[in-house]
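The primary structure of each chain is shown beneath.
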Amino acid sequence: TVRGVISTLAEGAPFSAPVDFVLNDVGEPVFILKEGSPTHANVVANSAAALLLIDESTAQSLTLIGKVGPLPEQEFAQSHVDFLNVHPVAREC
């Protein structure tokens with residue numbers, strides 16, 4: 001299992017939170033941030049973020065650094081279905 005931790009900026013200070021994700025067709029991570037959550041508010045204020053991926057079986061990790069933003073409309077529907085198939089508990093949130 002690969003776990004994710006997203007780090008954003010909250011009023012200039014680092015803020016990290018666990019995040020579930022899937023990879024899209026080109027290997028980019030896709031995750032859902034609940035509107036009104038601290039992580040969502042941080043990304044809206046400053047889209048710069050780091051995503052730490054940790055493979056629990058090997059203890060290897062990888063950090064991706066970039067900008068977080070909404071998916072293009074044509075990718076949203078399929079990515080949303082893919083996400084809910086991998087993380088069905090998200091349907092309850």
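Note that the structure is a prediction, hence the values are computed from the model and not measured.

A.B. asks: What is the right way to read the layout of surface pockets from this model?
C.D. replies: To locate leftover empty space, one rolls a probe as large as a water molecule over the atoms. As a volume, the largest pocket reaches approximately 750 Å³. Taken together, 29 residues line the largest pocket, and the ones lying closest to its centre are F31, V68, G69, P70 and L71. Looking at the lining of the largest pocket element by element, the count peaks at five residues for helix α2 (residues 73–86).

A.B. asks: Please explain the nonpolar core as it appears in this structure.
C.D. replies: Note on soluble globular proteins: their nonpolar side chains tend to be buried together. Counting residues in hydrophobic clusters, the biggest one holds seven residues: I6, V19, F21, F31, A49, L51 and L53. Residue contributions to this core peak at three residues, all from strand β5 (residues 48–55).

A.B. asks: Sorry, what's going on with the pairing of strand β6 (residues 61–67) here?
C.D. replies: For a regular strand, side chains alternate in direction, first toward one face of the sheet and then toward the other. Sheet analysis places β5 next to β6, joined by seven bridges and oriented antiparallel. For A50, the partnering residue across the bridge sits in β6 and is I65. Hairpin connection, β5 to β6: the antiparallel pair is bridged by five residues, and A59 has positive phi, about 65°.

A.B. asks: Looking at this model, I keep getting lost on the pairing of β5. Mind explaining?
C.D. replies: Of the strand pairs in this sheet, strand β1 (residues 2–10) and β5 are connected by six bridges, and their pairing is antiparallel. When the sheet's bridge partners are listed, R3 is paired in β5 with I54.

A.B. asks: Could you clarify how one ought to interpret the sheet that holds β6 in this entry?
C.D. replies: Sheets are built from strands that pair by backbone hydrogen bonding, the pairs being arranged parallel or antiparallel. The sheet built from four strands is open, its strands ordered β2-β1-β5-β6 with antiparallel pairing. Strands at the two margins of the open sheet, each flanked by one partner only, are β2 (13–19) and β6. The mean angle between the axes of side-by-side strands here comes to 25°, regardless of whether they run parallel or antiparallel.

A.B. asks: Please clarify how unusual backbone geometry should be interpreted in this entry.
C.D. replies: Note on backbone geometry: most residues besides glycine have negative phi, and most peptide bonds are trans. The backbone phi angle of E11 is positive, close to 55°, even though this residue is not glycine. Tracing the sequence through the fold places E11 in the loop between β1 and β2. Positive phi, close to 65°, is recorded for A59, a residue that is not glycine. Within the secondary structure layout, A59 lies in the loop between β5 and β6.

A.B. asks: Looking at this model, I keep getting lost on the pattern of salt bridges. Mind explaining?
C.D. replies: In this structure the tally under the stated criterion is one salt bridge. Note that E56 is salt-bridged to R3, the shortest N-O span being 3.2 Å. Placement of E56 in the loop between β5 and β6 and of R3 in strand β1 is noted, with a sequence separation of 53 residues between them.

About the thresholds
- Residues numbered from 1 in each chain as written.
- Predicted model: local features only at pLDDT ≥ 70, side-chain atom pairs only at ≥ 80, totals over all residues.
- Heavy atoms only, no water.
- 1 Å grid on protein atoms, 1.4 Å probe; cavity = no way out; pocket = protein on both sides within 12 Å on 5 of 7 lines; lining within 4 Å.
- Points joined across faces, edges and corners; volume = space filled by probe spheres on them.
- Helix = DSSP H or I, 4+ residues; strand = E, 2+ residues; numbered from the N terminus.
- Core = buried A, V, L, I, M, F, W, Y, C linked by side-chain atoms within 4.5 Å.
- Buried < 20%, exposed > 50% of the residue type's maximum accessible area, 1.4 Å probe, protein only.
- Pairing = 2+ DSSP bridges.
- Axes fitted to C-alpha atoms, helices over the stretch in contact; angles between N-to-C directions.
- Salt bridge = Lys/Arg side-chain N within 4 Å of Asp/Glu carboxyl O.

This is a description of form; function is not addressed.
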